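Topology and contacts: notes
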Amino acid sequence: ALKSDGAVWSWGSNNMGQTGCAKGYTAHDVPMQIAGLDGIVAVAAGSDHSMALSSDGIVWAWGSNGSGQLGNSATWSSPVPTQVHGLADVAAISCGSAYSMALKKDGTVWTWGSNSYGQLGDGTLKRRSTPVQVAGLDGVTSIAASGSSSMALKHDGTIWAWGLNDRGQLGDGSRTNRPRPVQVIGMDDVVSIAAGWSHSLATRRDSTVWAWGWNNYGQLGNGTREDSNVPVQIVG
């Protein structure tokens, strides 16, 4: 939780130090303030790592780091916040399962951590312990990370996605994993995006909501339980 004074509080499971409260790796069931973090303007949580963005555009991360998702050039967990290396002028952050994303003020997107499915978008499947720029992507205004898939909304209202695509969550009409961004089919005039575990959401300027990907539990909201590898409009 981010308080209005810029302080960050956390609670819950802490087996990898993801609460950042310098209490080792013991879980706690009441909120505790994370020491050494102030002036924070945004927070994000992954499966078992966490991030915070400070008002000066610097990113801090803590918790699990086996895939380099803390971005500090190491691969061991940290129960206290560490600064992400080589990253400044950041406007937004998002956490995936074992990887991290940052949107810089210049509209470029940077990623680090696990890359088994190409979710870092740098054209490789190599994990990274420091940030790398997503290939061929600029003019971005919003980002969203899911389990192992990534999305970016550009200023022209188009959506671009990359990474794991086993349920069609990239929305490009295929089930093929993509290590570089591909455009989501039929989506323009988009104003906001969100990512679930294996499904994706977008709101268009006309206030309609669209979804694609995994649908076993009806998470696409279109009255079926069938996956869709292209966007479908949410009913009603």
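Quick summary incoming for the structure in this document. (Residues numbered from 1 in each chain as written. Predicted model: local features only at pLDDT ≥ 70, side-chain atom pairs only at ≥ 80, totals over all residues. Heavy atoms only, no water.)

Relative to the assigned elements, glutamine 69 resides in the loop between strand E5 (59–63) and strand E6 (78–83). Relative accessible area serves as the criterion here: at 2%, glutamine 69 is assigned to the buried category. For glutamine 69, the side chain forms a polar contact with the main-chain oxygen of serine 64, separated by 3.4 Å. In this structure glutamine 69 touches Asp48, His49, Ser64, Ala98, Tyr99, Ser100, Trp112 and Gly113, once residues within four positions along its chain are discounted. (Helix = DSSP H or I, 4+ residues; strand = E, 2+ residues; numbered from the N terminus. Buried < 20%, exposed > 50% of the residue type's maximum accessible area, 1.4 Å probe, protein only. Polar contact = N/O pair within 3.5 Å; in protein donor to acceptor, adjacent residues only side chain to side chain. Contact = heavy atoms within 4.5 Å.)

Take empty space enclosed by the protein next. Rolling a probe over the atoms, with the probe sized like a water molecule, indicates the empty space that remains. On inspection of all chains with the given rule, the structure shows 1 cavity of 30 Å³ or more. In this structure, the largest cavity is lined by Ser146, Ser149, Ser150, Met151, Gln169, Ala195, Gly196, Trp197, Ser198, His199 and Ser200. It is strand E12 (residues 149–154) that contributes the most residues to the lining of the largest cavity, 3 residues altogether. Looking at side-chain class alone, the lining of the largest cavity contains 3 nonpolar, 8 polar and no charged residues. (1 Å grid on protein atoms, 1.4 Å probe; cavity = no way out; pocket = protein on both sides within 12 Å on 5 of 7 lines; lining within 4 Å. Points joined across faces, edges and corners; volume = space filled by probe spheres on them. Nonpolar A, V, L, I, M, F, W, Y, C, P; charged D, E, K, R; others polar.)

Let us now look at the pattern of salt bridges. For the coordinates displayed, the defined rule picks out 6 salt bridges. Of the charged contacts, one joins arginine 128 and aspartate 122 as a salt bridge, the two residues approaching to 2.8 Å between their closest N and O atoms. You can call arginine 128 partly exposed: its relative accessible area is 22%. Between arginine 204 and aspartate 188 there is a salt bridge whose closest N-O contact spans 2.4 Å. Of this pair, arginine 204 sits in strand E16 (residues 199–204) while aspartate 188 sits in the loop between strand E14 (178–183) and strand E15 (190–195); the two residues are 16 residues apart in sequence, bridging distant segments of the chain. (Salt bridge = Lys/Arg side-chain N within 4 Å of Asp/Glu carboxyl O.)

Below, the discussion takes up the layout of surface pockets. Reported here for the largest pocket is a volume of approximately 240 Å³. If you go around the largest pocket, you meet 19 residues; those closest to its centre are Ser10, Gln18, Ala44, Ala45 and Ser50. Sorting the residues of the lining of the largest pocket by element identifies strand E1 (9–12), strand E3 (40–45) and strand E4 (49–54) as the ones contributing at least two each. Residue composition of the lining of the largest pocket, by class: 10 nonpolar, 8 polar and 1 charged.

Turning next to unusual backbone geometry. The backbone of serine 73 sits at a positive phi, close to 70 degrees, despite the residue not being glycine. Mapped onto the secondary structure, serine 73 falls in the loop between E5 and E6. Under the relative-accessibility criterion, serine 73 is labelled partly exposed at 45%.

Before going further, it helps to spend a moment on the packing of aromatic side chains. This model, assessed by the stated rule, comprises 1 aromatic pair. Look at tryptophan 214 and tyrosine 217: their rings are 5.5 Å apart centre to centre, the planes differ by 80 degrees, and that puts the pair in the edge-to-face class. For tyrosine 217, a relative accessible area of 63% corresponds to the exposed category. (Phe/Tyr/Trp six-rings, centres within 6.5 Å; stacked < 30°, edge-to-face > 60°.)

Now for the sheet that holds E6. Read across the open sheet, the 4 strands follow the order E3-E4-E5-E6; overall the sheet is antiparallel. Every other strand in the sheet has two partners, leaving E3 and E6 as the edge strands with one partner each. For this sheet, the mean inter-axis angle between neighbouring strands, taken without regard to orientation, is 20 degrees. (Pairing = 2+ DSSP bridges. Axes fitted to C-alpha atoms, helices over the stretch in contact; angles between N-to-C directions.)

Another point: the pairing of strand E9 (residues 109–113). E9 sits mainly inside the fold: 5 of its 5 residues count as buried. The alternating pattern of E9 places Val109, Thr111 and Gly113 on one face and Trp110 and Trp112 on the opposite face, and all of these are buried. As paired strands, strand E8 (residues 99–104) and E9 are joined by 5 bridges and run antiparallel to one another. If you follow serine 100 over to E9, its bridge partner there is tryptophan 112. Where E8 folds back onto E9 in an antiparallel hairpin, the turn is made up of 4 residues, including glycine 107, whose phi is positive at roughly 85 degrees.

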